[in-house]
Amino acid sequence: MGRGTGRGTSPGAPRSVDVAQLAGVSQKTVSRVYNDEPYVSAEVRRRVLKAGEKLGYRLNSAARALASGRTRSIGVVTLGTALYGPASLIMGVERAVRDTGYALRVVNTLEDDPTGVAGAVDSLLEQGVDGIIISEPIDDGHGDDLSARVDVPVLVLGAPPLSTPRTLAAGVGADVMARTATEHLLELGHDTVHHLAGPQRWYAARDRLEGWRSTLAAYGRTPPRVVEGDWSAASGYTAGRELARDGDMTAVFAANDDMAIGLIRALAEAGRRVPRDVSVVGFDDIPVAAYVTPPLTTMRQPFDTVAQEGLKRLVHSIENPDAPPLPSGEPPVDLVVRASTGPPPPTRTIPGRDRMLASSPSGGRAGPLRNGGASAYD
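As a starting point, this report considers the structure included with it. It should be emphasised that the depicted structure is a prediction, and the values quoted were computed from it without experimental measurement.

**Overview of the pattern of salt bridges**
- Applying the stated rule across the entire model yields 10 salt bridges.
- Note that Arg95 and Asp304 form a salt bridge whose closest N and O atoms lie 2.6 Å from each other. Of the two residues, Arg95 sits in helix 5 (residues 84-97) while Asp304 sits in helix 11 (residues 303-319), which places them 209 residues apart along the sequence.
- Classification of Arg95 by relative accessible area gives partly exposed; the value is 36%.
- A residue is classified by how much of its surface remains accessible, and Asp304, at 31% relative accessible area, is partly exposed.
- Two residues, Arg179 and Asp175, come together in a salt bridge whose shortest N-O distance is 3.9 Å. On the criterion of helical spacing, the pair formed by Arg179 and Asp175 is a turn pair, its members being 4 residues apart in helix 7 (residues 174-187).
- On the basis of relative accessibility, which here comes to 31%, the residue Arg179 falls in the partly exposed class.
- Three or more residues are tied together by salt bridges with common partners; here these are Asp285, Arg300, Asp334 and Arg338.

See below:
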């Protein structure tokens, strides 16, 4: 029985020799076209691709790996988390890799895994990946263990570069974005800016803390005491209850949007109106940030841009091992100004405190505001 020429009509998968026969070229020419090699005319390339499409031909990955010495695969090490930032960055990598001809092999780490990044990298190297992306936001103390045994290009997203021979970095600049957020509040006229930080094992949390602290120093302001959360809205709420007791606090930069939203809820319950009494800036621009009350001013992270640029540089390094790496671009800094920030209030007192003191049976210290106090959004 002869081999069919329509998609799905062949009794077996079409081969490169079948494409060559239909296109009227050699099998080597077919290989050159599908491997995107030079020295093939546009007309020949068109004929080969048209024949391949007609036959439903796909280049055999195993054969290509044997011929090139590469598996056409990229390994990804990432923390197994549903948090918006890390998850969005990995989604950006998955979108960017589709047009490269490479497959992804993902290994998730756990926050308390003693082998951490080093164990995940070893697993990927055993699978013969051509390059590795490390999107691991937590410092597990094992990063330096990689330097002696990693001989493929490594792209690090949002963390300090590793001491490997062929390391690339992308996605740095959280400190710059933190400076922009802090400057926005200072330039509105606030005397200082408090910081609701993320957990300090995370590189991103450290970068945002450093950006906030260095900005206050540049403006001649003494940094207030840092309150640390765990990225969740619940931890932001707990921090907000603490910060609300400071009657002089008028501005807060939160290290992510979820904590900012919890913070705003706590301020509302304490009678601190946003932004009339306290301005709040978040970080990430999660989808719900534009729809909370009030809509949240925040730093938008360029996840897709970082993933696309980083992957382009990694593939270049894989395919051109003797060439210098492509230059890295500066990540965009995008402050999204909404209704949660404004000028400071003319006074620094907590709304309703004088009234509560006057009505207190003891005439002394008032307890916390209950429901029915001043609206946070008046």
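There is more to say, and it comes next.
**Some remarks on helix 1 (residues 16-23)**
- Among the residues of helix 1, those classed as buried are Ser16, Asp18, Val19, Ala20 and Ala23.
- Along its buried surface, helix 1 packs onto helix 2 (27-34) and helix 3 (42-55).
- Once helix 1 finishes, Gly24 follows within two positions and takes phi at roughly 75 degrees, a positive value.

**Quick notes on the nonpolar core**
- In terms of nonpolar packing, the biggest core is built from 26 residues, with Leu196, Val252, Leu263, Leu267, Val280 and Leu296 touching the most fellow members.
- For this core, the secondary-structure elements that each account for two or more residues are helix 9 (233-243), strand 8 (251-254) and helix 10 (257-269).
- Element by element, the count of residues in this core is highest for helix 10, at 5 residues.
- What Val280 contacts, discounting residues up to four positions off in sequence, is Val252, Ala260, Leu263, Ile264, Leu267, Val274, Leu296, Thr297, Ser340 and Thr341.
- Core analysis: the next-biggest nonpolar cluster, separate from the first, contains 20 residues, Ile74, Val76, Val93 and Leu157 among them.

**Brief notes about the side chain of Arg313**
- For Arg313, the location among the structural elements is in helix 11.
- For the buried Arg313, which has no salt bridge, the nearest side chain bearing the opposite charge is Glu309, at an N-O separation of 4.7 Å.

**Quick look at the sheet that holds strand 4 (residues 154-157)**
- On the basis of which strands lie adjacent, the open sheet formed by 5 strands has the order 2-1-3-4-5 and parallel pairing. The open sheet terminates on both sides in strands that have one partner only, identified here as strand 2 (103-109) and strand 5 (167-170). Strand-to-strand twist of the sheet, defined as the mean angle between neighbouring strand axes without regard to direction, takes the value 20 degrees.
- Note: strand 3 (residues 131-135) against strand 4, 3 bridges, orientation parallel. Looking across to strand 4, one finds that Ile134 is bridged to Val156.
- Lying over the sheet, helix 6 (residues 116-126) contacts strand 1 (73-79), strand 2 and strand 3, oriented at roughly 150 degrees with respect to strand 2.
- Helix 11 contacts strand 1, strand 3, strand 4 and strand 5 of the sheet and is inclined by roughly 165 degrees relative to strand 5.

**A few points about the sheet that holds strand 10 (residues 297-300)**
- Taken in spatial order, the 6 strands line up as 7-6-8-9-10-11 in an open sheet, and their pairing is mixed. The open sheet has two free edges, formed respectively by strand 7 (227-228) and strand 11 (334-336), since each of these has just one partner strand.
- As judged from the 2 bridges shared by strand 6 (residues 194-197) and strand 7, these two strands associate in the parallel manner. Within strand 7, the residue paired with Leu196 across the bridge is Val227.
- Packing of helix 7 onto the sheet brings it into contact with strand 8, strand 9 (279-284), strand 10 and strand 11, and relative to strand 9 it is tilted by some 165 degrees.
- Contacts between helix 8 (residues 203-218) and the sheet are confined to strand 6, strand 8 and strand 9, with strand 6 contributing the most and set at about 175 degrees to the helix.

**Considerations on the pairing of strand 10**
- Both strand 9 and strand 10 contribute to a ladder of 4 bridges, which runs parallel. Looking across to strand 10, one finds that Val281 is bridged to Thr297.
- Two elements, strand 10 and strand 11, share 3 bridges in a ladder whose sense is antiparallel. Its bridge partner lying in strand 11, Met299 is registered against Leu335.

**Looking at unusual backbone geometry**
- That bond from Val274 to Pro275 is cis: its omega, 5 degrees, falls within 30 degrees of zero.
- Among the structural elements, Pro275 can be located in the loop between helix 10 and strand 9.
- Even without being a glycine, Asp285 presents a positive backbone phi close to 60 degrees.
- Its place among the elements puts Asp285 in the loop between strand 9 and strand 10.
- Asp285 sits in the buried class, given a relative accessible area of 12%.

**Focus on the packing of aromatic side chains**
- Across all of its chains, the model carries 3 aromatic pairs by this definition.
- Here Tyr84 and Phe303 contribute two aromatic rings whose centre-to-centre distance is 5.8 Å and whose plane-to-plane angle is 75 degrees, an arrangement assigned as edge-to-face. Separated by 219 residues along the polypeptide, Tyr84 in helix 5 and Phe303 in helix 11 bring together distant segments of the chain.
- What makes Tyr84 partly exposed here is its relative accessible area of 28%.
- Ring geometry for Trp202 and Trp231: centres 5.6 Å apart, planes at 75 degrees, overall edge-to-face. One end of the pair, Trp202, is in the loop between strand 6 and helix 8; the other, Trp231, is in the loop between strand 7 and helix 9, with 29 residues separating them in the sequence.
- Looking at Trp231, the relative accessible area reads 5%, which means it is buried.
- One cation-aromatic arrangement involves Arg72 over Tyr102; the distance from NZ or CZ to the ring centre is 4.3 Å.

Criteria and thresholds
- Residues numbered from 1 in each chain as written.
- Predicted model: local features only at pLDDT ≥ 70, side-chain atom pairs only at ≥ 80, totals over all residues.
- Heavy atoms only, no water.
- Salt bridge = Lys/Arg side-chain N within 4 Å of Asp/Glu carboxyl O.
- Helix = DSSP H or I, 4+ residues; strand = E, 2+ residues; numbered from the N terminus.
- Buried < 20%, exposed > 50% of the residue type's maximum accessible area, 1.4 Å probe, protein only.
- Contact = heavy atoms within 4.5 Å.
- Core = buried A, V, L, I, M, F, W, Y, C linked by side-chain atoms within 4.5 Å.
- Lys, Arg positive; Asp, Glu negative; His and termini not counted.
- Pairing = 2+ DSSP bridges.
- Axes fitted to C-alpha atoms, helices over the stretch in contact; angles between N-to-C directions.
- Phe/Tyr/Trp six-rings, centres within 6.5 Å; stacked < 30°, edge-to-face > 60°.
- Lys NZ or Arg CZ within 6 Å of the ring centre and 35° of its normal.

That's the geometry; what it means functionally is another story.
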